[in-house]
Amino acid sequence: MTEAAHSFEPTEHPHRRRNALTGDWVLVSPHRTKRPWQGQVEKAAVEKLPAYDPKCYLCPGNARAGGNQNPAYTSTFVFDNDFAALLPDGPRGPVRLPHPAHDDLFVTEAETGTCRVLCFSPRHDLTLAEMDVAAIRCVVDVWASQIEELGARESINYVQVFENRGAIMGSSNPHPHGQIWANYTVPLVPAKEDVQQQAYYAAHGTPLLVDYLAAESAAGDRIVIENEHWVVLVPYWAVWPFEVMLLPRRHVAALPDLTGSEREGLASILKRITTRYDNLFETSFPYSMGWHGQPTDGLDHSYWQLHAHFYPPLLRSATVKKFMVGYEMLGMPQRDITAEQAASRLREMSERHYKEIKEKIDN
Ligand code: H2U
Ligand code: ZN
C-alpha cells in the first residue's frame, strides 16, 4: 500500500469503483459537490392530471395511434406495441452481407422478438408511488406472467421488463405504463451481468448478488429501506445520483419464481421507494427502471440473482438533471455525490407522499 492509499478518504478523494455486476467502472469525485450550477434548468412538470384523459392512447376505451381500441379495463392491460422495435417473424441469426473481404468489420445478426406495452392502472393520474399496494401487486403479477409466457417460447431467450417514467426520460405519456421487450438474443446489459455472475459463481461457489447483499447488509451505509423479503440499496458502484437496486433476500433467479408473500412484499417496497423518490425533490420523480433475471434459454443459470435497477436522472432539484455527456461519453461515467451520501438522503425521506400532505393542507 502506498502513502496515498493510507490516507484515502472516500468522501474527499477522487476514486474509481468497479461495478461487480457488469465489470464497468465509475469515477467518483466527491470533492465537486459544492460547484455552482449555471447550466440547463428543466421546467418542473405540470402535475395536476385528470383521472381520465379522452386524448390519452392508454386510457380505457380510447383509440390508439395504430387504430386499435383499448377495452374498458379496470386493473392492468397489456397490448402488443403498435410501433414495435422487434418483429416476431423473419430471419434470425448471423447474416452475410456483401463485404466478403471484411466480414469482421460488418458483423450483423438478424433479430426477432415481441414488444408489448403494460398499463399499470386505468387511472391516468396515478404513478406507482400513488397507487395502492393491492394495485401494484397486480402489476407484479403481470410482470411475472409476461416473463413466463414469452420466455417459454423457443424463439425468446430474454424478456426485458422496464418502465420509462417522466417526459425528461423520453416517456411519451404520463399514463402509468411500462414495456416488455422479448427477443432472441440476450441484450447487452443482462449479457454482461450473466458473464460476471457466472465467473463469480465459478470462483466462489455462491451467487455474486447473494454475497453482495450480505456484505451490504453488514456495512449498512448504502441500505435505503428493507422488509421481510426485499432490500433497496444504493449500489457501491452507482452511476446515476440516486440510482438504487432492489434485491430479494432469498436466492431467486427470475420474477415468476417469487412466492405470493414475496410479491406482496415487493408491491409494498415498490410503493415505499417510489414515494421516497417523489418526496426527494417534491416532484413526480422521473426514472428508468427494469428487471434483470435469468435468460429464458432453458440453460442452467442458477448463479443468477433477480434484481431491479432504478436509474433516475435528477441531480439536485426537480429541475437540475445529470447529463451523461463529455467525459462520460468519451471516457467513463462519473458521479459527484457518493453512493453513501445518496443512500443517506433517501433514508431521510418520509414515506408519506408529499401530494397527500399538500392536499391535507389545502383542504
Ligand atoms: P414510453 O414508455 O417511452 O412512453 O413508450 C410508450 C410506447 O407505447 C411506445 O413504445 C407505444 C409506443 O410505440 N404506443 C403504442 O403502442 N400505441 C399507441 O397508440 C401510442 C404509443
Ligand atoms: Zn391515460
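Just so you know, these numbers come straight off a predicted model, no measurement behind them.

Before we move on, can you summarise the overall build of the protein chain with the specific residues and values?
Looking only at helices and strands, the protein chain has eight helices and 16 strands in total. A total of 363 residues make up the protein chain; the buried ones form 47% of that total. At a minimum sequence separation of 6, the contacts of the protein chain that also span at least 24 residues come to 69%. Looking at the protein chain as shown, the accessible area adds up to about 17,700 Å², and 56% of this sits on carbon and sulfur atoms.

Account for the sheet that holds strand E1 (residues 15-18), with residues named and values stated.
Sheet strands associate in pairs through backbone hydrogen bonding, adopting either a parallel or an antiparallel arrangement. Pairing is mixed across the open sheet formed by three strands, whose spatial order is E1-E2-E16. Edge positions in the open sheet fall to E1 and strand E16 (334-335), since each of these has one partner strand only. One ladder, built from four bridges, connects E1 with strand E2 (residues 25-28); its direction is antiparallel. Its bridge partner being in E2, His15 is matched across the sheet by Val28.

An account of the packing of aromatic side chains is needed here, citing residue identities and associated values.
Taken as a whole, this structure holds 13 aromatic pairs when the rule is applied. Geometrically, the ring pair formed by Phe120 and Trp143 is edge-to-face, given 6.2 Å between the ring centres and 85 degrees between the ring planes. Here Phe120, found in the loop between strand E6 (113-119) and helix H2 (133-151), pairs with Trp143, found in helix H2; they are 23 residues apart in sequence, far enough to count as distant. Note on Trp143: relative accessible area 1%, which makes it buried. One aromatic cluster is present, formed by Phe242, Tyr277, Phe281, Phe285, Tyr287 and Phe310 through successive ring pairs. Over the ring of Tyr184 we find Arg92; its NZ or CZ atom is 5.1 Å from the centre of that ring.

Explain the sheet that holds strand E12 (residues 287-292) to me, using residue names and the numbers behind them.
Spatial strand order, E3-E6-E8-E7-E12-E13-E11-E10-E9: nine strands in an open sheet with antiparallel pairing. Edge positions in the sheet fall to strand E3 (77-80) and strand E9 (223-226), since each has one partner strand and no second. On average, adjacent strands in this sheet sit at an angle of 20 degrees to one another, irrespective of strand direction. As paired strands, E12 and strand E13 (residues 307-311) are joined by five bridges and run antiparallel to one another. Bridge pairing links Met289 to Phe310 in E13. Against the sheet, helix H4 (residues 208-219) contacts E9, strand E10 (230-233), strand E11 (244-248) and E13, and its axis sits at roughly 110 degrees relative to E11. Against the sheet, helix H5 (residues 260-281) contacts E9, E10, E11, E12 and E13, and its axis sits at roughly 135 degrees relative to E9.

Can you tell me about the pairing of strand E8 (residues 177-183), naming the residues and giving the values?
Counting buried positions along E8 yields six of seven residues, so the element is predominantly enclosed. Here E6 pairs with E8 via seven bridges, running antiparallel. Across the sheet, residue Arg116 finds its bridge partner in E8, namely Ile180. Note that strand E7 (residues 158-165) and E8 share five bridges and pair antiparallel. Residue pairing across strands places Gln160 opposite Trp181, the latter belonging to E8.

Lay out the packing of H2 against H5 in plain terms, naming residues and giving numbers.
The relative placement of two packed helices comes down to the angle between their axes together with the axis-to-axis distance. Running from amino to carboxyl end, H2 crosses H5 at an angle of 120 degrees, the nearest separation of the two axes being 8 Å. Taken together, the axes of H2 and H5 lie oblique to each other. By crossing handedness, the relation of H2 to H5 is classed as right-handed. Contact with H2, carried on its side by Val133, Ile136, Arg137, Val140, Asp141, Trp143 and Ala144, involves Gly260, Arg263, Glu264, Leu266, Ala267, Ser268, Leu270 and Lys271 of H5 and no other residues of that element.

Residue-level account of the coordination of the zinc ion (ligand 2), with values.
Tetrahedral metal sites with four donors have an ideal angle of 109.5 degrees; octahedral sites with six donors have ideal angles of 90 or 180 degrees. Taken together, the protein ligands of the zinc ion (ligand 2) are Cys56 (SG), Cys59 (SG), His124 (ND1) and His175 (ND1), with distances of 2.0 to 2.3 Å. In this structure, the zinc ion (ligand 2) is coordinated by four donor atoms arranged in tetrahedral fashion, with angles at the metal of 101 to 116 degrees. Spacing between the donor residues of the zinc ion (ligand 2) along the chain follows C-x2-C-x64-H-x50-H. Within this pair, whereas Cys56 is found in the loop between E2 and E3, its partner His124 is found in the loop between E6 and H2, the two being separated by 68 residues in sequence.

Lay out the site of ligand 1 in plain terms, naming residues and giving numbers.
The full set close to ligand 1 counts 14 residues, and Ala65, Asn81, Asp82, Ser172 and His177 are the nearest of them. In the environment of ligand 1, a nitrogen atom lies 2.7 Å from a nitrogen or oxygen atom belonging to the side chain of Asp82. With respect to ligand 1, the side chain of Ser172 contributes an N or O atom lying 2.8 Å from an oxygen atom. Considered on its own, ligand 1 offers 480 Å² of accessible surface; in the complex 87% of this is hidden by protein. Grouping the constituent residues of the shell around ligand 1 by class yields five nonpolar, seven polar and two charged.

Scoring rules and cut-offs
Residue positions are given per chain, counting from 1 as you read along its sequence in written order. To read the labels, note that chains go from A and ligands from 1, taken in the order they are written. Local features in a predicted model are, by the rule used here, given only for residues with pLDDT of at least 70; side-chain atom pairs are given and counted only at 80 or more, and totals for whole chains, interfaces and linings are based on all residues. Based on all heavy atoms of the structure, the side-chain values leave hydrogens and waters out of the count. Helix and strand assignments come from DSSP, with helices taken as H or I runs of at least 4 residues and strands as E runs of at least 2, each series counted from the N terminus. For every residue, the accessible area (1.4 Å probe, protein chains only) is compared with the maximum for its type, and the residue is labelled buried under 20%, exposed over 50%, or partly exposed between those bounds. The contact definition used throughout considers only heavy atoms, calling two residues in contact when any of these lie within 4.5 Å. Accessible surface area values rest on a Shrake-Rupley calculation with a 1.4 Å probe, where residue burial reflects the displayed protein chains alone. Pairing between two strands requires that DSSP report at least two bridges joining them. Pairing of aromatic rings covers Phe, Tyr and Trp, the last through its six-membered ring, and needs centres within 6.5 Å; plane angles under 30 degrees mean stacked, over 60 mean edge-to-face, and all others mean tilted. Charge-over-ring contacts are defined here by two conditions on Lys NZ or Arg CZ: a distance within 6 Å of the ring centre and an angle within 35 degrees of the ring normal. Every axis corresponds to a line fitted to the C-alpha atoms, with the helix fit spanning only the stretch in contact, and the corresponding angles, defined between N-to-C directions, vary from 0 to 180 degrees. Each angle receives one of four descriptions, namely roughly parallel if under 35 degrees, roughly antiparallel if over 145, roughly perpendicular if within 65 to 115, and oblique otherwise. Crossings are classed by handedness, with left-handed meaning an anticlockwise turn of the near helix from the far one by less than a right angle and right-handed meaning a clockwise turn. Sites may look incomplete because water is not among the atoms; the donors themselves are N, O and S atoms within 2.8 Å of the metal, or within 3.2 Å for Na, K and Ca. Between 85 and 135 degrees for all angles marks four donors as tetrahedral; over 155 degrees for opposite donors together with 65 to 115 for all other angles marks four donors as square planar and six as octahedral; every other arrangement is irregular. Nearness here has a simple test: a residue counts as near a molecule or strand if at least one of its heavy atoms is within 4 Å of that partner. Distance and chemistry together define a polar contact, namely a pair of N or O atoms within 3.5 Å, with one atom able to donate a hydrogen and the other to accept it when in protein, and with adjacent residues in sequence counting only for side-chain atoms on both sides. Polar here means any residue outside two lists: the nonpolar Ala, Val, Leu, Ile, Met, Phe, Trp, Tyr, Cys and Pro, and the charged Asp, Glu, Lys and Arg; Gly therefore counts as polar.

Functional significance is not addressed by these values, which are geometric in nature.
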